[in-house]
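This is what each chain is made of:
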Amino acid sequence: MAAVGNLHLERGIAHKLAGEYDAALAELRAALAEEPDSGEVMHQIGLVLCFTGEFDESLEALRKAAEMQPDHVLTLLDLGKTEAMLGMYEEARATFERVLAIEPGNDAAKKQLALFE
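Below is a summary of the structure that appears in this document. (Residues numbered from 1 in each chain as written. Predicted model: local features only at pLDDT ≥ 70, side-chain atom pairs only at ≥ 80, totals over all residues. Heavy atoms only, no water.)

**Observations regarding the environment of Glu91**
Phase 1: Along the polypeptide, Glu91 turns up in helix α6 (residues 89-102).
Phase 2: Spatially, the C-alpha atom of Glu91 lies 29 Å from that of Asp22, the residues being 69 residues apart in sequence. (Helix = DSSP H or I, 4+ residues; strand = E, 2+ residues; numbered from the N terminus.)

Written as structure tokens, this is what we have:
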């Protein structure tokens, strides 16, 4: 992200939090046009797509975000949760284990993995 931040990203997140998903996607896509290599923008797009029921597109965006920022725990947690929600349990397990490899004490990943036991 640029040093001063990406106004479209900030607006997109604000719209997402307000439940204004169409406006959020418009802002986030504008942010992506400005910063095509931003894993955080892609992460936020993936979340909004999930909230709107566009699960295949959401999963694709979250996977891309995880590739763009491979050690970003929040992105990986959201990817794992989405995989689990879609019944992709082996993928979800691997994603949560990846989180623990980065951050061994991560309680959220531990709780998610416990659901598979």
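**A word on the packing of aromatic side chains**
Phase 1: Summed over the entire model, instances satisfying the criterion amount to three aromatic pairs.
Phase 2: Each ring, one from Tyr21 and one from Phe51, has its centre 5.7 Å from the other, and the planes form 50°; the classification is tilted. Here the residue Tyr21 occupies a position in helix α2 (residues 21-34), and Phe51 occupies one in helix α3 (residues 39-51), the gap between them amounting to 30 residues.
Phase 3: On the basis of relative accessibility, which here comes to 45%, the residue Phe51 falls in the partly exposed class. (Phe/Tyr/Trp six-rings, centres within 6.5 Å; stacked < 30°, edge-to-face > 60°. Buried < 20%, exposed > 50% of the residue type's maximum accessible area, 1.4 Å probe, protein only.)

**So, the environment of Val99**
Phase 1: Note on placement: Val99 falls in helix α6.
Phase 2: The class for Val99 is buried, based on a relative accessible area of 0%.
Phase 3: Sequence spacing of Val99 and Lys64 is 35 residues, and the spatial spacing of their C-alpha atoms is 16 Å.

**Considerations on α3**
Phase 1: Between its terminal C-alpha atoms α3 stretches 18 Å, which fits the 18 Å expected from 13 residues at 1.5 Å a residue.
Phase 2: Looking only at α3, the buried set comprises Gly39, Glu40, Val41, Met42, His43, Gln44, Ile45, Gly46, Leu47, Val48, Leu49 and Cys50.
Phase 3: Contact partners of the buried residues in α3: α1 (7-17), α2, α4 (55-68) and α5 (73-85).
Phase 4: One or two positions beyond α3, positive phi appears at Gly53, with a value near 85°. (Expected span 1.5 Å × (residues − 1). Contact = heavy atoms within 4.5 Å.)

**Focus on the side chain of Thr82**
Phase 1: For Thr82, the position within the fold is in helix α5.
Phase 2: Within the structure, Thr82 has its side chain in polar contact with the backbone oxygen of Asp78 (distance 2.8 Å).
Phase 3: Ignoring anything within four residues of it in the chain, the contact list for Thr82 reads Cys50, Ser58, Leu59 and Leu62. (Polar contact = N/O pair within 3.5 Å; in protein donor to acceptor, adjacent residues only side chain to side chain.)

**Topic: the environment of Met68**
Phase 1: Within the secondary structure, Met68 is located in helix α4.
Phase 2: Other than its neighbours up to four places away in sequence, Met68 contacts Pro36, Asp37, Ser38, Gly39 and Met42.

**Observations regarding the nonpolar core**
Phase 1: Ranked by internal contacts, the top residues of the largest apolar core, which has 15 residues, are Leu77, Leu79, Phe96, Val99 and Ala109.
Phase 2: When contributions to this core are tallied by element, the ones reaching two or more residues are α4, α5, α6 and α7 (107-114).
Phase 3: Examining the composition of this core, we find that five residues originate from one element, α5, more than from any other.
Phase 4: Discounting chain neighbours no more than four positions away, the residues touching Ala109 are Leu77, Phe96, Val99 and Leu100. (Core = buried A, V, L, I, M, F, W, Y, C linked by side-chain atoms within 4.5 Å.)

**Considering the packing of α2 against α3**
Phase 1: Viewed as axis vectors pointing N to C, α2 and α3 meet at an angle of 155°, and their least axial separation amounts to 10 Å. Taken together, α2 and α3 sit at an angle that is classed as roughly antiparallel. The handedness of the crossing between α2 and α3 is left-handed. Mapping the contact onto sequence places Tyr21, Ala24, Leu25, Leu28, Arg29, Ala31 and Leu32 in α2 and Val41, Met42, Gln44, Ile45, Val48, Leu49 and Phe51 in α3.
Phase 2: The residue makeup of the contact of α2 with α3, split by class, is 12 nonpolar, one polar and one charged. (Axes fitted to C-alpha atoms, helices over the stretch in contact; angles between N-to-C directions. Parallel < 35°, antiparallel > 145°, perpendicular 65-115°, else oblique. Left-handed = near helix turned anticlockwise from the far one by under 90°. Nonpolar A, V, L, I, M, F, W, Y, C, P; charged D, E, K, R; others polar.)

By themselves these figures say nothing about function.
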